[in-house]
Amino acid sequence: MAVTIALAGNPNSGKTTMFNDLTGSSQRVGNWPGVTVEKKDGKLKTDKNVIIQDLPGIYSLSPYTMEEVVTRNYLIKEKPDAIIDIVDASNIERNLYLTTQLTELGMPVVVALNMIDVVQKNGDTIDTKKLGKMLGCEVVETSAIKGTGSREAVQAARTLASKKAGSDPKHTFSADVEKSLEEISDLIRGKIPSDNMRWYSIKVFERDKEVIKELSLDKNTREKAEGIIKACEEKYDDDSESIITNERYNYISQVIQACVTIKNKGSLSTS
Ligand code: BGO
């Protein structure tokens with residue numbers, strides 16, 4: 001049976017290089033429906049039953065750019081069998097912002113720690129095992145330019161897909177935010193697949209317009225959700241989207257501290 005693996009990642013993380021390496025000449029190029037954003041897919045060179053779906057380069061799953069909307073709609077609605085999240089390991093801190101969001105989708109995720117050759121050349125190290133544990137997903141070192149690790153990443157994604165083993169994000173927000181997310185989950189339960197519950201709850205908490213429209217919540221539910229969000233905002237004296245963003249960055253800082261060692265400070269950009 002055909003398996004679809006989506007390649008997601010920040011711009012310049014090496015997505016195109018890995019896509020070309022994996023698919024060779026069997027590529028189809030077009031546009032995503034209704035938008036002028038390039039759509040590329042191809043068959044894995046070594047197994048035509050594996051479709052590799054390239055996704056637009058993005059920094060976040062917010063609803064603010066066409067690329068972000070295309071990517072999140074594809075991931076939530078078309079549901080590929082697995083995601084390979086291509087992370088530029090030499091810019092790991094910035095890249096993990098998207099990773100934390102992808103792991104909340106409840107789908108199988110493999111992090112391809114790409115540009116590992118750059119990290120190694122600088123004498124820096126990343127504890128991949130610990131990173132995988134902290135993120136709650138598999139991590140594979142890759143160098144798309146050298147053609148190393150990409151096949152292992154695909155194999156890991158296929159294994160997770162066959163087990164339907166969604167990622168298991170370890171990150172929790174602060175207690176008040178988690179309580180709000182739980183209350184929002186209770187409001188929207190039954191309207192969405194339970195696998196995607198965490199992602200939808202966070203998006204409702206952030207007042208994500210696209211998600212609120214999609215869920216077509218009745219007035220009473222919308223008002224209850226608004227009450228939950230406002231109560232949390234008052235406690236933090238901040239807007240809900242900023243609360244989530246700040247806590248994400250705090251968590252990523254902890255992950256970096258625990259997993260990344262820089263030989264010559266400044267050589268590994270963690271910004
Ligand atoms: C240029 N290791 C190293 N060292 N470089 C890599 C790796 C890797 O594992 N993977 C990709 N690159 P894209 P998006 C370039 O184009 O695939 C390099 O946006 C240059 N170009 O070769 O395009 C890759 O699809 C001139 O570099 O990323 C590319 O995600 C000088 O990372 C860049 C130096 O890869 C982005 C590099 C004219």
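Cut-offs and rules
Residues numbered from 1 in each chain as written. Predicted model: local features only at pLDDT ≥ 70, side-chain atom pairs only at ≥ 80, totals over all residues. Heavy atoms only, no water. Helix = DSSP H or I, 4+ residues; strand = E, 2+ residues; numbered from the N terminus. Rg over C-alpha atoms; globule rule 2.2 N^0.38 Å. Buried < 20%, exposed > 50% of the residue type's maximum accessible area, 1.4 Å probe, protein only. Areas by Shrake-Rupley, 256 points an atom, 1.4 Å probe, with all protein chains shown as cover. Lys, Arg positive; Asp, Glu negative; His and termini not counted. Charge placed at Lys NZ, Arg CZ, Asp CG, Glu CD. Pairing = 2+ DSSP bridges. Axes fitted to C-alpha atoms, helices over the stretch in contact; angles between N-to-C directions. Core = buried A, V, L, I, M, F, W, Y, C linked by side-chain atoms within 4.5 Å. Domains from an automatic or database assignment. Contact = heavy atoms within 4.5 Å. Near = heavy atom within 4 Å. Polar contact = N/O pair within 3.5 Å; in protein donor to acceptor, adjacent residues only side chain to side chain.

> Can you explain the overall build of the protein? Please cite residues and give values.
Of the regular secondary structure elements, the protein holds 11 helices and nine strands. For 271 residues, the compact-globule estimate of 2.2 N^0.38 gives 18 Å, and the protein sits close to it at 19 Å. Taken over the C-alpha atoms alone, the protein extends approximately 55 × 45 × 35 Å along its principal axes. For the protein, buried positions account for 51% of its 271 residues. Per element, the accessible surface of the protein, about 12800 Å² overall, is 49% carbon and sulfur. Within the protein, the 40 negative side-chain charges are centred at a point lying 4 Å from the centre of the 37 positive side-chain charges.

> Can you break down helix H1 (residues 15–23) residue by residue, with the values?
Working note: α-helix, 3.6 residues per turn, so residues spaced by three or four point in the same direction. Within the sequence span of H1, burial applies to Lys15, Met18, Phe19, Asp21, Leu22 and Thr23. Where H1 terminates, the next one or two residues include glycine 24, which has phi positive at roughly 60°.

> Could you give an account of the sheet that holds strand E6 (residues 109–114), with specific residues and numbers?
One open sheet holds the seven strands; their spatial order is E2-E3-E4-E1-E5-E6-E8, and the pairing between them is mixed. On the outer flanks of this sheet lie strand E2 (27–31) and strand E8 (138–141), each paired with one strand and no other. In this sheet, neighbouring strand axes are inclined to one another by 25° on average, regardless of whether the strands run parallel or antiparallel. Bridge analysis of E2 against strand E3 (residues 38–44) gives five bridges, and the strand direction is antiparallel. Across the sheet, residue glutamine 27 finds its bridge partner in E3, namely glycine 42.

> Describe the nonpolar core, naming the residues involved and giving the relevant values.
Ile92, Leu105, Leu113, Leu131 and Ile188 are the most contacted members of the largest nonpolar core, which has 58 residues in total. Residue-level mapping places this core at the junction of two domains, with at least three residues from each of domain 1 (3–163) and domain 2 (175–237). Counting residues in hydrophobic clusters, the runner-up holds 22 residues, among them Ile5, Leu7, Val154 and Ala157.

> Describe unusual backbone geometry, listing the residues and the values that go with them.
Residues other than glycine seldom take positive phi values, yet methionine 115 does so here, at roughly 60°. With respect to the helices and strands, methionine 115 occurs in the loop between E6 and helix H4 (116–121). For methionine 115, a relative accessible area of 21% gives the class partly exposed. The backbone of arginine 207 sits at a positive phi, close to 55°, despite the residue not being glycine. Examined against the element boundaries, arginine 207 turns out to sit in the loop between helix H8 (197–205) and helix H9 (209–215).

> Report on the side chain of serine 180, specifying residues and quantitative values.
By the element assignment, serine 180 lies in helix H7 (residues 175–188). Among the residues examined, serine 180 registers a relative accessible area of 6% and is labelled buried. Discounting chain neighbours no more than four positions away, the residues touching serine 180 are Phe205, Ile228 and Cys232.

> Summarise the site of the ligand; cite the residues concerned and give the values.
Surveying the vicinity of the ligand reveals 15 residues, the closest of which are Asn12, Lys15, Thr16, Thr17 and Asp117. With respect to the ligand, the backbone of serine 13 contributes an N or O atom lying 3.1 Å from an oxygen atom. In isolation the ligand offers 760 Å² of accessible surface; the protein chains occlude 54% of this area. Residue assignment for the shell around the ligand shows that the elements contributing at least two residues are H1 and H4. Among the elements that make up the shell around the ligand, the one with the highest residue count is H1 (three residues).

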